[in-house]
Amino acid sequence: MNYRTTFILGGVFLALILLLAVAITIGPENPDQGRALFPELLKATGVDVNPGENILALRLERARPEKQTLVLKRAEAGGRWRFEQPFQGAADNFAVNNLVRSVLESRREQDRDASGSLAETGLDRPATSVTLTDKDGKEHTLALGKTIPGAMGNLVFARSSSRGNAIQVVMERDLESLYRPVGAMRERALLGTEADLDQFKLSTGPTGAKPPVALRKTQGTWRYESPAYGLAEPAGLPGAPGAQPGGPDVGSMLRAIGGLRVEQVGEREGDRNDFVADGVTDLATQGLDGTKNRVLRVEVDRVQNPGSPSAGTKATLLVGLDKPVEKPAPKADSKALPFKGYPAMVEGSGSVVLVPAGPVAELLRLLEDPALIRDKALLRLTGEPDWIEINNGLGRLDLVKTDPVGGYRLYRPGVAEGQAVEASAVAVLLEALKNGRGRFVADSPEKRKEWDLDRPEDKRVAVRFWLAGLEKEDKKEGGPAKPVRRNQPANAEVILGKRQGEEVAILRVAGQDQAVLFALKNLLELAEQGPLAYLDRKIPSFAGEGLTPDAALDQVVSVSVAKGAETRTVSRKDKSDSWKFTVPPDRAGLPVDPQAIRSLLVNLATMQARKLVAEKPAPAELASRGLQPPAVTVTLTLQGADGKPQTKSFALGKESEDGGVYALPGWLDRVVTVDLSLRSILETPWENRQLFASLDPVKVARLKLTGWQAVNGSPLNLVLEREKDQWVSRDPASDFPVAQAKVGQLLAGLKGLRFERVLAYSGGGDSALGLDPSRNGLAIEWTVEGQKDPVRLVLGRAEGTGLAASVSTLPGMALVVPKAPFEEALQGRGKFRQ
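Just so you know, these numbers come straight off a predicted model, no measurement behind them. (Residues numbered from 1 in each chain as written. Predicted model: local features only at pLDDT ≥ 70, side-chain atom pairs only at ≥ 80, totals over all residues. Heavy atoms only, no water.)

Asks: Quick question: what am I supposed to make of the packing of aromatic side chains here?
Replies: Centre-to-centre distance and the angle between the planes together describe a pair of aromatic rings. Tallying each qualifying case throughout the model produces seven aromatic pairs. Where Phe200 meets Trp222, the ring centres are 5.7 Å apart and the plane angle is 45 degrees; that geometry is what we call tilted. With Phe200 in strand β9 (residues 197–205) and Trp222 in strand β11 (residues 221–226), the pair connects residues that are 22 residues apart, well separated along the chain. For Phe200, a relative accessible area of 0% translates into the label buried. (Phe/Tyr/Trp six-rings, centres within 6.5 Å; stacked < 30°, edge-to-face > 60°. Helix = DSSP H or I, 4+ residues; strand = E, 2+ residues; numbered from the N terminus. Buried < 20%, exposed > 50% of the residue type's maximum accessible area, 1.4 Å probe, protein only.)

Below, the structure is given as structure tokens:
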């Protein structure tokens, strides 16, 4: 590529960049500007901007729906519209903006001017004319003449100042907003919406006058100004603590004030027109003279909200209670209800309207009972407290959250370090107070004294809350860090006094607001709890903190359970050894079930208390809970790190009132309650009750059954041997084909056999047990490949639903085994014949 070519391409590229910049600066034209009646206004604003934003005045002269002239103005571009003619008052901003926009965006139906004279098109004396004045004072006019039918609807002849007053044809429906009744363009909200208000005052007079009720919102919180009741019940939010959905509160009153509005303007056939009259000066004729009529006065202050129709203004609505209005429901609407309402007027406006009776009744409720929306919550917090101070007869407790992510820790006199706290205990306290509701009672210094609400700080029962109370941790040299609270008043305080029947007197303090209420007495019981109610209910492991349950179990070399005169003990040399019975001595031959011991130890190592009952309990306290002497004592011997054994004890006592059982972990020195299931775990047998777990039926080479004396008069034998995976009878030696499946079922039953209980640990038990073939017993012997000595099981008499039994592997012991695996074998050797 040569220099000239490069120069030309660079120039072309630069020209494209400049063209793009011009296009961006000018912006796209409205595609309808070729037909628009006011193309210069559309071009000036662009397609994404309301072309009426810069219009400050509107004059509309029309012959329908009635002959009238409307004049509306606003102070600034984008501001609020107000009527100046035929009356003065607020306009519906949306409706007026829509009208202005429909005029400015109107377009002719053809690309050329229409033919005809002014007289022929009705434009010599226009039926409708619109004058729009923009922010620069320039007027833009539109005149409408006769209407003629068109293919897609009626057409109307028009002349616009922007088209040189040439005659055009436009769709009549595009300009239908010009013919809406004047009421449809008036502001229907008389006092604004609930979001607009930050103060309201209600009063009546003169007949039946009530003391005024006034409330004001300060820093987002509504408070009474008159009477001086303090906090008001905030608007109920679904799921919020203490919320009373549907109940009277500030929200319901604000909604009632917002509901004082014009409902219908007569725009549709059969609708009422709730705009009654304008220019009214004699208020008594409408029942609105406060010196002569019973009038509800609703005074409001409105917030500085530019989007509101009456931002940052004060207003008073008069409602004539002496002249209730009832109107029947429209016949065309079967679901509509008759209208009930009252005449009303924004003071000074001269315009009388009708407002619905429902919101008026809600506001009158508050006048009748000024305490209706007093805040009945016992505690309101705007966040989670990081410091909770509890004072009661047991001393002072501080629940402190030093880590926003972590939990609380308990600090109390006499304990150097903070202690872990049960999260659910703090949650219960907070939720009980947040969700608690009270009833107001007469307050006076004498009543506070009577109800113990004026006690000195160190003698009262009180709970105080700080949302940002933690300042720092005081790290003393050589000692644990202690939190320091900021020197500032609590965000909230709940003081609890005397019980009053099923209730308790409460003084609620929030900043300068104080209120006396009665609430359920269980709150006093909750506040009077001692430190044990808040401590972490996880019981430390018997092997110490920081060890996993498995590591703790590895250290145990002896487990002993004593219940009354009976003691069971199993021991091992170390974690690699098997458990063996050592007490009582006659169980030494019994195999130990390692899973039973593991289950017991895991439960002890991971115990969770249901309740912490007492610290460093006195002997009398232990005795009262069945812990001295204990009902059950567990003693563990651990292999210490220094090789020396360590002993830990755990005692169980009586059943507790909370559905558990009292317990005393010796390494904790606290009385607690634990689940009742722990007692059952301690009573679980430790023996490995599966007698022949290692038996492999496939490897049994010889099987001998001896018995059936009652059948034959003397014991009979059945001797079977395995040949090439088939059982063959050796006794009887001939004519006895073997039922192979029956032999397989017997061997399978032997493998899964578990004894149910022990009849005797030594001596073989009573001879009456029949554990001998010559005494109607049945002996079963089998020899396994590669083993010299057979294993022998002898079945004797019935014991309950089972059978007495003896096993050669447990010499001297008499057991009880299930009868089911031997039902057929007991009936005779013929059962094994094919």
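Asks: Quick question: what am I supposed to make of the pattern of salt bridges here?
Replies: Side-chain pairs of opposite charge can arise where the charged atoms are in close proximity. For the structure shown, the criterion picks out 55 salt bridges. Where Arg610 meets Asp658, a salt bridge forms, and the shortest distance between an N and an O atom there is 3.8 Å. Of the two residues, Arg610 is situated in the loop between α11 (594–605) and β32 (611–615) and Asp658 in the loop between β34 (645–655) and β35 (661–665); the sequence distance between them amounts to 48 residues. What makes Arg610 partly exposed here is its relative accessible area of 34%. Residue Asp658 is classed as partly exposed on the basis of its relative accessible area, which comes to 28%. A salt bridge links Arg679 to Glu655; its shortest N-O distance comes to 2.7 Å. With Arg679 in helix α13 (residues 677–683) and Glu655 in strand β34, the pair connects residues that are 24 residues apart, well separated along the chain. Exposure remark for Arg679: the relative accessible area of 25% places this residue in the partly exposed category. Residues joined by salt bridges that share partners form a network here, namely Glu389, Arg396, Asp398, Glu457, Arg464 and Arg485. (Salt bridge = Lys/Arg side-chain N within 4 Å of Asp/Glu carboxyl O.)

Asks: Would you mind going over unusual backbone geometry with me for this structure?
Replies: Backbone geometry follows two general trends: most residues other than glycine have a negative phi, and most peptide bonds adopt the trans configuration. For the peptide bond that leads from Arg64 to Pro65, omega is 5 degrees, which places it in the cis range. Checked against the element boundaries, Pro65 lands in the loop between β1 (55–62) and β2 (68–73). With an omega of -10 degrees, the peptide bond between Val583 and Pro584 qualifies as cis. Along the chain, the position of Pro584 falls in the loop between β31 (580–583) and α11. Of note, the phi angle at Asn165 is positive, near 60 degrees, even though the residue is not glycine. Relative to the helices and strands, Asn165 resides in the loop between β7 (155–160) and β8 (167–171). Phi at Asp669 takes a positive value of approximately 55 degrees, unusual for a residue other than glycine. Among the structural elements, Asp669 can be located in the loop between β35 and β36 (670–674).

Asks: Help me understand the sheet that holds strand β22 (residues 439–440), please; the structure alone is not making it clear to me.
Replies: Paired through backbone hydrogen bonds, the strands of a sheet run either parallel or antiparallel to each other. Within the open sheet, the nine strands sit side by side as β21-β20-β19-β18-β23-β26-β27-β28-β22. Their pairing is antiparallel. Strands with a single pairing partner mark the edges of an open sheet, and in this sheet they are β21 (419–420) and β22. The sheet contact formed by strand β23 (residues 461–466) and strand β26 (residues 492–500) spans five bridges and is antiparallel. Bridge assignment links Arg464 to a residue of β26, and that residue is Glu493. (Pairing = 2+ DSSP bridges.)

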